[in-house]
Amino acid sequence: MNASVAQAGHPNLRPIGPGVDTIAAEQAVQDLLIALGQDPLTDPGLVDTPRRVAAAYAEMLKPKPFRLTTFPSEGYDEMVVARDIPFNSLCMHHMLPFTGVAHVAYIPHERIVGLSKLARAVEMFARRLQIQEGLTTQVAGCLQDNLAPKGVGVVLEAEHMCMTLRGIQKPGTRTTTSALLGQMREDPRTRQEFLSLIHGS
Ligand SMILES: [Zn+2]
């Protein structure tokens, strides 16, 4: 791949969708509370709850746009790894949080990116209703599109409240997902290097 391909991505990452209608969200939370047998109209502890819940979801679903600025790699072609990037997201099946860490790596071709941008990319895609698999592949695809690197590796480890608070109720259960592209997928030694780097051995 050449430089024009590397620069042909979409460096301006912006939120998707129509955004949050806070008033409608507050009303909907009030309706939900009533449907759940609660009394948000007169219970002093619940009167302000619709506003707080709407604000909390608005914040969790509002990514901060940023520019994924890239730089010439100046010949650097070793793996770049950012380990243990904390993230919070919302499961699209239950609207309950899942939280964990992301490990993001790439092997530069002609462009590199500031390390903080790897964490920003994770946060950007985490702040929408997600499944963990989708979040993993979206972060990997974003790096692929913007850097055209020789390889990309993304591993997410997360605990899902919809598994720990309800259903099978197994606190501490962590789900691991991975997306490997290019050399990271095709070359077993490169993949092994990535896995040993993220596991700290
Ligand atoms: Zn869920």
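Residues numbered from 1 in each chain as written. Predicted model: local features only at pLDDT ≥ 70, side-chain atom pairs only at ≥ 80, totals over all residues. Heavy atoms only, no water.

Chemist: Would you mind going over the pattern of salt bridges with me for this structure?
Modeler: Summed over all chains, the structure comprises six salt bridges. When the shortest N-O distance is used, the salt bridge between Arg52 and Asp48 registers 4.0 Å. What makes Asp48 partly exposed here is its relative accessible area of 35%. In this structure, Arg174 and Glu157 form a salt bridge, with 4.0 Å as the shortest nitrogen-oxygen distance. Linking Arg174 in the loop between α6 (161–164) and β9 (175–182) with Glu157 in strand β8 (residues 151–160), this pair joins segments that are 17 residues apart in sequence. On the accessibility criterion, Arg174 (43% relative accessible area) is partly exposed. Salt bridges here are not isolated pairs; linked through shared partners, they connect Asp48, Arg51 and Arg52. (Salt bridge = Lys/Arg side-chain N within 4 Å of Asp/Glu carboxyl O. Buried < 20%, exposed > 50% of the residue type's maximum accessible area, 1.4 Å probe, protein only. Helix = DSSP H or I, 4+ residues; strand = E, 2+ residues; numbered from the N terminus.)

Chemist: Explain the coordination of the zinc ion here, please?
Modeler: Between any two of four tetrahedral donors, the ideal angle at the metal is 109.5 degrees; between two of six octahedral donors, it is 90 or 180 degrees. Protein coordination of the zinc ion is provided by Cys91 (SG), His94 (ND1) and Cys162 (SG), with donor distances spanning 2.1 to 2.3 Å. Positions of the donor residues of the zinc ion, expressed as sequence spacing, correspond to C-x2-H-x67-C. Taken together, the positions of Cys91 in strand β4 (residues 80–91) and Cys162 in helix α6 put the pair 71 residues apart, joining distant regions of the chain. Given the relative accessible area of 5%, Cys91 is considered buried. (Donors = N, O, S within 2.8 Å, 3.2 Å for Na, K, Ca; no water.)

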